[in-house]
Amino acid sequence: MLPYLRPLCMMLCGFSGRMHRRPQNGGFCGTVVGMKGYLITLLVLLLALAGISLYSRFYGDGSLFPGLPHATAAAVETAASVPSTSAAPEPTPSATPDDAQFSDTDSLLLCANKKHKLPDGYVPSDLTNVTVNGTVTSYTLRREAAEAMTKMFAGAAQDGVQLVLTSAYRSYEYQYQLYNDYVAQYGSATADTISSRPGYSDHQTGLAADITSSTYSALNQGFAQDSGGIWLAAHAHEYGFIMRYPQGKQDITGYAFEPWHFRYIGVDNASALYAAGDNETFEEYYSVEGGDYAS
Ligand SMILES: [Zn+2]
């Protein structure tokens, strides 16, 4: 056997070679066979450790078993996505939702009219710049409404109608300025017929927009006969928008006919309201108080 194995044997075993039984085959100590196995095991362990180290470095996440945390995370995600059997059932859609929805700023049915003032200082939390016809505009809406607006403009374009966005979210401060400019110019009685008081504007919900077209740019009732106005009246509900101030409903909505002003309430709500026909208004469909200011 190799001579250097003796001191190694002594060092590892803590015994001198003399203490071992001299084997019959002339080997230098009785632990040689055991030592060979021990060294081979040691070598295998060292190789295994080196291999794990390399593997760990290769995957770069510093863990001995890099696959394990990912698998665990995936398992947690899967478990979380499985609906609990004890979860409450989905509420049944209703044409007359409870009143809380009309003052809930998270609800798509948040109501702003001359009888329903928005909460003081209300600013939607998810205002997003609206992209229409491939262009990011400076107009903002709540994210869901903005995405629906993009789809609606694309749908109109497919039908050969070029819609134009002319107003969307308006802040309390902007509305304050706008309204008071009208008051200064025409007096408050007239100002109330053409502009909302600050805090009462549908535009402050971040869910309303004024839309014209490439063939009719004025915000007046003539837009109802324009191809853009006709297309919107027929298709806006398919994208979740309703004509907020239909013709002949001023006593109910508080506003004269505005064929350019559309309000997002979601596709299901808008389609149901549209299906009611007869220029159905938000106030009528949801039994919400409307009309003129209380004072
Ligand atoms: Zn408007």
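Residues numbered from 1 in each chain as written. Predicted model: local features only at pLDDT ≥ 70, side-chain atom pairs only at ≥ 80, totals over all residues.

Remarks on the overall build of the protein
Next, step 1: Counting its secondary structure elements, the protein contains eleven helices and six strands.
Next, step 2: Taken over 295 residues, the protein has a buried fraction of 27%.
Next, step 3: Long-range contacts, defined here as pairs at least 24 residues apart, represent 59% of the contacts in the protein between residues at least 6 apart. (Helix = DSSP H or I, 4+ residues; strand = E, 2+ residues; numbered from the N terminus. Buried ≥ 20, exposed ≤ 12 C-beta atoms within 10 Å, placed from the backbone. Contact = placed C-beta atoms within 7 Å.)

Structural notes on helix 8 (residues 227–235)
Next, step 1: All of the buried residues in helix 8 are Gly228, Gly229 and Leu232. Burial along helix 8 is one-sided: seen end-on, the buried residues are contained in an arc of 95 degrees.
Next, step 2: Turning to helix 8, the residues buried within the fold contact strand 3 (163–167), strand 4 (208–213) and strand 6 (261–264). (Arc of directions from axis to C-beta.)

Overview of the confidence of the model for the protein
Next, step 1: On average, residues of the protein carry a pLDDT of 79, and 67% of them reach 70 or more.
Next, step 2: Note on residues 51–86: pLDDT is under 50 here. Beyond four places in sequence and across chains, it has eight contacts. (pLDDT = per-residue confidence, 0-100.)

Some remarks on the pairing of strand 2 (residues 135–142)
Next, step 1: Relative to strand 2, strand 1 (residues 127–132) runs antiparallel, the two being bridged by five bridges. Each bridged residue has a counterpart across the sheet, and for Leu127 the counterpart in strand 2 is Arg142.
Next, step 2: Taking the residues between adjacent antiparallel strands as the criterion, strand 1 and strand 2 are bridged by two residues, where Asn133 takes a positive phi near 50 degrees. (Pairing = 2+ DSSP bridges.)

Brief notes about the sheet that holds strand 3
Next, step 1: Across the sheet, which stays open at both edges, the four strands sit in the order 3-4-6-5 with antiparallel pairing between neighbours. Of all the strands in the sheet, just strand 3 and strand 5 (241–243) have a single pairing partner and so form its edges. Averaged over all neighbouring strand pairs, the angle between strand axes comes to 40 degrees, with direction disregarded.
Next, step 2: Pairing between strand 3 and strand 4: four bridges, direction antiparallel. Across the sheet, residue Leu163 finds its bridge partner in strand 4, namely Ser213.
Next, step 3: Where helix 8 meets the sheet, it contacts strand 3, strand 4, strand 5 and strand 6, and its direction lies at approximately 140 degrees from that of strand 4. (Axes fitted to C-alpha atoms, helices over the stretch in contact; angles between N-to-C directions.)

Remarks on the environment of Tyr264
Next, step 1: Following the sequence through the fold, Tyr264 ends up in strand 6.
Next, step 2: On the basis of neighbour counts, which here come to 28 C-beta atoms within 10 Å, the residue Tyr264 falls in the buried class.
Next, step 3: Taking the C-alpha atoms as reference points, Tyr264 and Leu109, separated by 155 residues in sequence, lie 8.6 Å from one another.
Next, step 4: With residues near it in sequence (within four places) discarded, Tyr264 still touches Leu108, Ala145, Ala148, Leu207, Gly240 and Phe241.

Side note on the nonpolar core
Next, step 1: In terms of nonpolar packing, the biggest core is built from 42 residues, with Leu141, Met149, Phe241, Ile242 and Phe262 touching the most fellow members.
Next, step 2: Element by element, the count of residues in this core is highest for helix 5 (residues 143–158), at seven residues. (Core = buried A, V, L, I, M, F, W, Y, C linked by C-beta atoms within 7 Å.)

Some thoughts on the environment of Leu110
Next, step 1: Note on placement: Leu110 falls in the loop between helix 4 (100–103) and strand 1.
Next, step 2: For the pair Leu110 and Asp99, spaced eleven residues apart in sequence, the C-alpha to C-alpha distance is 9.9 Å.
Next, step 3: In contact with Leu110, other than residues within four places in its own chain, are Phe102, Asp104, Thr105 and Thr205.

Thoughts on the environment of Asn279
Next, step 1: Looking at where Asn279 falls in the secondary structure, it is placed in the loop between helix 10 (267–275) and helix 11 (282–285).
Next, step 2: Judged by local crowding, Asn279 falls into the partly exposed class, with 15 C-beta atoms found within 10 Å.
Next, step 3: Residues Asn279 and Arg244, 35 residues apart in the sequence, show an inter-C-alpha distance of 9.7 Å.
Next, step 4: In this structure, Asn279 is in contact with Pro246, Gln247, Gly248 and Lys249, ignoring residues within four places of it in sequence.

Concerning helix 10
Next, step 1: Considered for burial, the residues of helix 10 that qualify are Asn269, Ala270 and Leu273. Down the axis of helix 10, the smallest arc covering the buried residues is 95 degrees, so these residues share one side. Exposed residues pointing more than 90 degrees away from the buried face of helix 10 are listed as Asp268 and Ala275.
Next, step 2: Elements in contact with the buried residues of helix 10: strand 5 and helix 11.
Next, step 3: Once helix 10 ends, the next one or two residues include Gly277, with phi positive near 70 degrees.

Notes on unusual backbone geometry
A negative phi angle characterises most non-glycine residues, just as the trans form characterises most peptide bonds.
Next, step 1: One non-glycine residue, Asn133, lies in the positive phi region at around 50 degrees.
Next, step 2: In this fold, Asn133 is placed in the loop between strand 1 and strand 2.
Next, step 3: Judged by C-beta crowding, with 15 C-beta atoms within 10 Å, Asn133 ranks as partly exposed.

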